[in-house]
Amino acid sequence: MRVRELLADYHIHSNYSPDSESEILDIINAAREKKIKHIIITDHYELADEHANTIDIDTYRKEMERYSLPVGVELGWDGVKELNVDTKKFDYVLLSHHYVEEPINQESYRNYLLRLYDIMKRFDGYHALAHLDFPRRYQNQNEPFSKELFDIITDILKLLISQGKSLEINTASIELYGEPNPSFEILRLYKSLGGRNITIGSDAHSLNQIGRGVERGIEILKELGYNYILVLDTEWREAKI
Ligand SMILES: [Zn+2]
Ligand SMILES: [Zn+2]
């Protein structure tokens, strides 16, 4: 059986994250086996969680450089804790917001989006916005964001575009409810607003999750009329999908 080549997986956690045990070399080998051309390891640096911001950045950089990998990070910010990380030390900064109020419903979705918008207005030291409708993953029925929330989503996407940042298509949720983060509807909106900078990632926390959903994620992008995603060689460039 021919294994199809996958263009990229730009959201992978290694054992530098508290919730993954994958060794970097094993990640590289797994990606090679799965024929993934471009990978970036993006470990957690969660500003408001002392268990998830223990990376010694210089050691981490050296480690990635040893394997000729770009230096990635998933920077989680609650918008409250002091932002005391020099993000210029990373080649790829995925901006994340992970805080969601319980019970998870449209109201907590709204609050999530409002906080995210506020965070983006105050901080632009990142490359891509991770999993925009993230709370949907944790809602009982994986309920989509309602139409009433699309005004604020529009504001977020417009700001993202004006800052020249990328939108991450996180494919972890495809196996959960058939759509990536963000959803088809949000991807359609992004396109209609002129958005074209897209990166893709599986959010793998174990070796077997590397590349999960990426093939389907790329199919979805093509169905929505996208022709490129961004990959990083020495510079960022558009790669045909
Ligand atoms: Zn995340
Ligand atoms: Zn992640």
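None of these values were measured; they are calculated from a predicted model. (Residues numbered from 1 in each chain as written. Chains lettered and ligands numbered in written order. Predicted model: local features only at pLDDT ≥ 70, side-chain atom pairs only at ≥ 80, totals over all residues.)

Side note on the overall build of the protein
Here comes step 1: For the protein, the helix and strand inventory stands at seven helices and nine strands.
Here comes step 2: Against the globule reference of 18 Å for 241 residues, the protein gives a C-alpha radius of gyration of 17 Å, in line with a compact fold.
Here comes step 3: Taken along its principal axes, the extent of the C-alpha atoms in the protein is 45 × 45 × 35 Å.
Here comes step 4: In the protein, which comprises 241 residues, the share counted as buried stands at 42%.
Here comes step 5: Considering only intrachain contacts with a sequence separation of at least 6, the fraction spanning at least 24 residues in the protein is 71%. (Helix = DSSP H or I, 4+ residues; strand = E, 2+ residues; numbered from the N terminus. Rg over C-alpha atoms; globule rule 2.2 N^0.38 Å. Buried ≥ 20, exposed ≤ 12 C-beta atoms within 10 Å, placed from the backbone. Contact = placed C-beta atoms within 7 Å.)

Observations concerning the sheet that holds strand β4 (residues 92-96)
Within a sheet, neighbouring strands are paired by backbone hydrogen bonds and run either parallel or antiparallel to one another.
Here comes step 1: Across the sheet, which stays open at both edges, the seven strands sit in the order β1-β2-β3-β4-β5-β6-β7 with parallel pairing between neighbours. The sheet terminates laterally at β1 (6-12) and β7 (198-201), the two strands that pair on one side only.
Here comes step 2: As paired elements, β4 and strand β5 (residues 128-129) share two bridges and run parallel to each other. By the bridge assignment for β5, L94 is matched with A128. (Pairing = 2+ DSSP bridges.)

Re the packing of helix α4 (residues 150-162) against helix α6 (residues 184-192)
Here comes step 1: Between α4 and α6, whose axes approach to 10 Å, the crossing angle comes to 50°. When the axis of α4 is compared with that of α6, the two are oblique. Classified by chirality, the crossing of α6 by α4 is right-handed. Every residue of α6 that contacts α4 at F150, I153, T154 and L157 is listed here: I186, L189 and Y190.
Here comes step 2: Residues belonging to the contact of α4 with α6 are distributed by class as follows: six nonpolar, one polar and no charged. (Axes fitted to C-alpha atoms, helices over the stretch in contact; angles between N-to-C directions. Parallel < 35°, antiparallel > 145°, perpendicular 65-115°, else oblique. Left-handed = near helix turned anticlockwise from the far one by under 90°. Nonpolar A, V, L, I, M, F, W, Y, C, P; charged D, E, K, R; others polar.)

What about the UniProt feature "domain: Polymerase/histidinol phosphatase N-terminal" (unreviewed entry) in the protein?
Here comes step 1: According to UniProt, the positions carrying the feature "domain: Polymerase/histidinol phosphatase N-terminal" (unreviewed entry) are residues 8-59.
Here comes step 2: Taken as a whole, residues 8-59 contains 25% helix and 31% strand, while its terminal C-alpha atoms sit 25 Å from one another. (UniProt positions renumbered as here; feature names shortened; annotations may be inferred.)

Remarks on the environment of A31
Here comes step 1: Along the chain, A31 turns up in helix α1 (residues 24-33).
Here comes step 2: For the pair A31 and I210, spaced 179 residues apart in sequence, the C-alpha separation works out to 6.8 Å.
Here comes step 3: Non-local contacts of A31, meaning those with residues more than four positions away in its chain, are made with D9, I36, I39 and I210.

A few points about the nonpolar core
Here comes step 1: Ranked by size, the top nonpolar core spans 56 residues in total, and within it L75, V93, L94 and I200 carry the most contacts.
Here comes step 2: With six residues, helix α3 (residues 106-122) is the largest single contributor of residues to this core.
Here comes step 3: Setting aside residues no more than four positions away along its own chain, L75 makes contact with Y45, V85, T87, V93, L94, L95, S96 and Y126. (Core = buried A, V, L, I, M, F, W, Y, C linked by C-beta atoms within 7 Å.)

Concerning α6
Here comes step 1: If you check which residues of α6 are buried, you get I186, L187 and Y190. All buried residues of α6 project into a common sector of 100° when viewed along the axis, lining one side.
Here comes step 2: Packed against the buried residues of α6 are α4 and β6 (166-170).
Here comes step 3: Directly beyond the C-terminal end of α6, a positive phi value near 95° is found at G194. (Arc of directions from axis to C-beta.)

What about the packing of α3 against α4?
Here comes step 1: Running from N to C, α3 and α4 cross one another at 20°; their axes reach a closest spacing of 10 Å. Classified by the angle between their axes, α3 and α4 sit roughly parallel to one another. Crossing angle aside, the handedness with which α3 passes α4 is left-handed. Residues L113, L114, L116, Y117, M120 and K121 of α3 lie in contact with α4, whose contacting residues are I152, I153, D155, I156, L159 and L160.
Here comes step 2: When the residues that make up the contact of α3 with α4 are grouped by side-chain class, the tally is 10 nonpolar, no polar and two charged.

Let's talk about unusual backbone geometry
Here comes step 1: P103 follows E102 through a cis peptide bond whose omega is -10°.
Here comes step 2: In this structure, P103 sits in the loop between β4 and α3.
Here comes step 3: Even without a glycine there, the phi angle at D203 is positive, about 60°.
Here comes step 4: Judged by C-beta crowding, with 24 C-beta atoms within 10 Å, D203 ranks as buried.

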